[in-house]
Amino acid sequence: CSVSCIHLSRFLCRLIGRSTIPSRFKYSSSGRKNTEIDQIVSKYSRTPSTDPKGTLTTNSLKSRDIAGPSTRSHRPRSPSLYGNSVLLQDTTVQNAGSGLVGLKNLGNTCFMNSILQCLSHSALVRELFLSRRYKTQLSSTSKMQGKLAEEFANLLTDIWSGKCDTVSPNKFKSTVAKSAPRFVGYSQQDSQEFLRFFLEGLHEDLNRGSRGKRKMEEPPEGLSDAELAEHRWKDYVLYDNSQIVNIFVGLLKSTLACSFCGHKSVTFDPFWDLSLPLPRSSIGSGGLSLKSCFEEFTQEEILDGDEKPTCEKCKKRQKCTKQFSIERYPPMLVIHLKRFSEVRYRSKLSTRVDFPIENLDLSSFASSSHSSAPKYDLVGVSNHSGNTSSGHYIAYCKTSSNTWHRFSDTTVGQISSSDIVTSEAYVLFYERRPNR
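Conventions used here
Residues numbered from 1 in each chain as written. Predicted model: local features only at pLDDT ≥ 70, side-chain atom pairs only at ≥ 80, totals over all residues. Heavy atoms only, no water. Phe/Tyr/Trp six-rings, centres within 6.5 Å; stacked < 30°, edge-to-face > 60°. Helix = DSSP H or I, 4+ residues; strand = E, 2+ residues; numbered from the N terminus. Buried < 20%, exposed > 50% of the residue type's maximum accessible area, 1.4 Å probe, protein only. Lys NZ or Arg CZ within 6 Å of the ring centre and 35° of its normal. Salt bridge = Lys/Arg side-chain N within 4 Å of Asp/Glu carboxyl O. pLDDT = per-residue confidence, 0-100. Contact = heavy atoms within 4.5 Å.

A.B. asks: Talk me through the packing of aromatic side chains; I want residue IDs and the actual numbers.
C.D. replies: With the rule as written, the count across this model stands at 15 aromatic pairs. Aromatic pair Phe340 and Tyr426: ring centres 5.4 Å apart, planes at 85°, arrangement edge-to-face. You can see Phe340 sitting in strand β11 (residues 340–341) and its partner Tyr426 sitting in strand β18 (residues 425–432), a full 86 residues away along the chain. Summarising the burial analysis for this pair, Phe340 and Tyr426 share the class buried. The buried category is assigned to Tyr426, whose relative accessible area is 2%. Lying over the aromatic face of Tyr186, Lys173 brings its terminal NZ or CZ to 4.6 Å of the ring centre.

A.B. asks: Break down the pattern of salt bridges for me, citing the residues and quoting the values.
C.D. replies: The final tally for this structure, using the stated rule, is 12 salt bridges. Here Arg133 ties to Glu127 by a salt bridge, and the two come within 2.7 Å at their closest N and O atoms. Judged by relative accessible area, which is 1%, Arg133 ranks as buried. Between Lys253 and Asp225 there is a salt bridge whose closest N-O contact spans 2.9 Å. Of this pair, Lys253 sits in strand β5 (residues 250–258) while Asp225 sits in helix α8 (residues 225–239), and the two are 28 residues apart along the sequence. Residues joined by salt bridges that share partners form a network here, namely Arg196, Glu200 and Asp273.

A.B. asks: Quick one: what's the story with the confidence of the model for the protein, residue by residue and with numbers?
C.D. replies: Per-residue confidence for the protein gives a mean pLDDT of 80; residues scoring 70 or more make up 75%. Across residues 1–77 the pLDDT falls below 50, and counting only partners more than four positions away or on other chains, this stretch makes 110 contacts in the model. Segment residues 83–96 is flagged for pLDDT under 50; beyond a separation of four residues in sequence, or across chains, it makes 75 contacts in the model.

A.B. asks: Which residues make up unusual backbone geometry, and what are the values?
C.D. replies: With the exception of glycine, the majority of residues adopt a negative phi angle, and the majority of peptide bonds are in the trans configuration. Its identity as a non-glycine residue notwithstanding, Asn108 has a phi of 60°, on the positive side. Along the chain, Asn108 falls in the loop between β3 (102–103) and α3 (110–120). Here Asn108 falls in the partly exposed class, since its relative accessible area comes to 42%. One non-glycine residue, Asp409, lies in positive phi territory at about 55°. The residue Asp409 is located in the loop between β16 (404–408) and β17 (411–415) in this model.

The structure is reproduced here in structure tokens:
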């Protein structure tokens, strides 16, 4: 009887070990996966000859190509302002699935599903969580104690496991509601607002920056704009230092010029996404493009009347001009098209905005010659159909096989790249092209 119990115990241990893969991805102090996990990954990986759907292989990004906080040191180093800022270890994540998995609608949760699909098909985000590398960065002082990051990693593991066609994000949704109470219940929400709350929650779970009240140090006198930007960025990442920040956060430059004395003052502010207005002058003319939206966003604005700011040199309120430009381009650039107006009655602009699928070039909106102006490729779109009172969110995503697919909750199907640009595009996800 005792021998039978021992055999049964061993059998149960093996069975449990295989059914709890997400909780068993651990790293040794050297940052390498242990032998047991290597075996598990090998078991759940297939070669193209045995898997008709193919093998997921994220781009193997070298540590020399991207810089960020070290996973081996307790205190992270500050990522540079202009260099590539995402640290991906020299590893290749392999999984049996293709990621072509639908997400169950739990009741008006299509807004969440569309964003999750876009994040799932971002190689930068997927590698961080499927590799379990995020575990080395969990913060013990975050509000959620790492639970939001853990549930997101578990959800991605289910999506890319290759074992199902549909996944229910029920546990993930419950965890999100605890992190951000505004998402309690099942009322329709805005996908861009969900993305912001979710990314900030993930950042908090992985934040390795200093704690306590933020103290802004005054920069030394005589700094150039580029040096001032570097100073501002170091100040920011001193308190907000996570791989989520490294992937998504950029830096905007704001230049205020006094119309009376000509004095210019410059400030730099981090951004998680860029919310671009749709130029009213172009609406209905058929000539609206993403470039024209950027031109509207960065055009010089006159501040007069009640909006007059105080000039640093004149020491009094003066008519000024204000203009934005981009100082730091993040590896993942999220663009929000401002289709919903809050003026008096909430309304929606259903104007088609033409945007490039490949080779997005924003160099004309860079703040100076010191700012790198990389090119971007589209990897995902969160689309909204309908109006302000009712509607539906779907996602278009570029998959690991370089084909485009449409994700509408549990329904997944391939589409042509020529069908990506529509009047329903709402949030665009662009990945920076690697430096060559």
